[in-house]
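Architecture and fold: a report
Each chain is listed here by its residues.
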Amino acid sequence: MSSLSNRSFVMVVAEENGETVRSLASPVRLHILRLLRERGPLNVNDIGKALGLPQSTVATNVQILEKSALLRTETVKASKGQQKICSTPFDEIVIRLARPPVERKQDLIEVAMPLGLYTSCSVSAPCGLCSEDGVIGLLDVPDFFLDPARMQAMLIWFSRGYVEYKFPNNAKLMKAQIEALEFSLEMSSEVPGTNVNWPSDISLWVNGVKIGTWTSPGDYGDKRGTYTPRWWKLEGSQYGKLTNWRVTERGTYLDGIKLSSVNLAQLDLQSHHSIRLRIGIEEGARHPGGVNIFGRHFGNHDQDILLRMHLRR
């Protein structure tokens with residue numbers, strides 16, 4: 001089974017991360033990042049030797065990249081004194097010119113996250129991505145989950161692993177308290193072909209905390225989804241169930257029924273500038289039946305992944 005693992009990428013919203021964008025406007029810094037990606041962790045002297053640069057130049061540019069969180073450093077003991085080891089956690093850096101759509105109503109903030117804008121992933125075949133017009137890349141090749149064309153994805157599926165999204169924590173920017181946090185997304189199990197009796201334990205994590213698991217009954221292909229394009233074969237997954245996850249002070253609820261005791265306090269939202277949503281199949285799941293996630297123009301609900309923040313008055 002092929003898998004995509006130990007690879008990561010970062011989504012940089014240009015309007016919100018001007019300093020990070022500026023840090024990439026230097027051939028020297030791009031060479032440093034590429035070198036660390038290819039060779040792994042190196043100290044400042046080794047970087048200078050590899051690139052033919054003075055140590056002072058490398059040190060200055062490393063500091064800029066570290067400040068932008070594109071590079072990590074660790075001070076370790078050396079044969080004489082200490083040395084700074086540099087590394088980069090990212091295989092890919094994506095600069096997004098527009099923010100995810102945000103709608104503000106009274107006491108409610110809603111953010112629509114396009115399906116392809118996940119910021120990290122680790123998936124196993126069978127897997128794939130589709131846009132409104134066709135398949136993206138090759139089916140059952142996990143590496144295509146890193147292809148820039150994934151930004152157009154409206155349907156994604158995989159048998160094991162996860163995708164993770166980073167939503168802006170607008171409530172923190174407004175210094176407002178969250179009364180309830182909701183996620184709305186259409187999902188089903190995943191099996192080659194379709195099978196209405198194919199249970200799958202699909203879990204959600206928020207800021208690294210698992211809020212609960214929903215057992216999807218099956219993978220639906222009995223009829224074409226309301227918004228599924230005509231070119232998509234009828235034998236494939238057509239639609240899912242629109243699930244609504246709600247975290248409050250009393251616990252987590254799925255479609256109005258209590259799912260777990262995980263509450264808002266455990267998510268520590270006030271300490272984070274972003275809200276990370278991970279969707280996946282947990283290791284050791286009783287029913288590891290994969291997942292389909294449907295976005296706009298696919299399935300029965302013409303929507304992206306929605307985050308709703310209900311604010312305290």
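Keep in mind that what you see is a predicted model, and the values were worked out from it rather than measured.

1. What about the sheet that holds strand S2 (residues 42-43)?
Two strands in a sheet stick together by hydrogen bonds in their backbones, pointing the same way (parallel) or opposite ways (antiparallel). What the 3 strands build is an open sheet, ordered S2-S4-S3; its pairing is antiparallel. The open sheet terminates on both sides in strands that have one partner only, identified here as S2 and strand S3 (72-77). Two elements, S3 and strand S4 (residues 82-87), share 6 bridges in a ladder whose sense is antiparallel. Following the sheet pairing, Glu74 is matched in S4 by Ile85.

2. Description of the pairing of strand S17 (residues 291-294)
Residues Val291 and Ile293 line one face of S17 and the alternating positions Asn292 and Phe294 line the opposite face, and both faces are buried. In terms of strand pairing, strand S9 (residues 155-168) meets S17 through 4 bridges, oriented antiparallel. Counterpart to Leu155 in the pairing with S17 is Phe294.

3. A word on the pattern of salt bridges
Within this structure, the stated rule accounts for 11 salt bridges. Between Glu164 and Arg278 there is a salt bridge whose closest N-O contact spans 3.0 Å. Of this pair, Glu164 sits in strand S9 while Arg278 sits in strand S16 (residues 274-281), and the two are 114 residues apart along the sequence. Glu164 sits in the buried class, given a relative accessible area of 8%. Between Arg312 and Glu249 there is a salt bridge; the shortest N-O distance is 2.5 Å.

Conventions adopted
Residues numbered from 1 in each chain as written. Predicted model: local features only at pLDDT ≥ 70, side-chain atom pairs only at ≥ 80, totals over all residues. Heavy atoms only, no water. Pairing = 2+ DSSP bridges. Helix = DSSP H or I, 4+ residues; strand = E, 2+ residues; numbered from the N terminus. Buried < 20%, exposed > 50% of the residue type's maximum accessible area, 1.4 Å probe, protein only. Salt bridge = Lys/Arg side-chain N within 4 Å of Asp/Glu carboxyl O.

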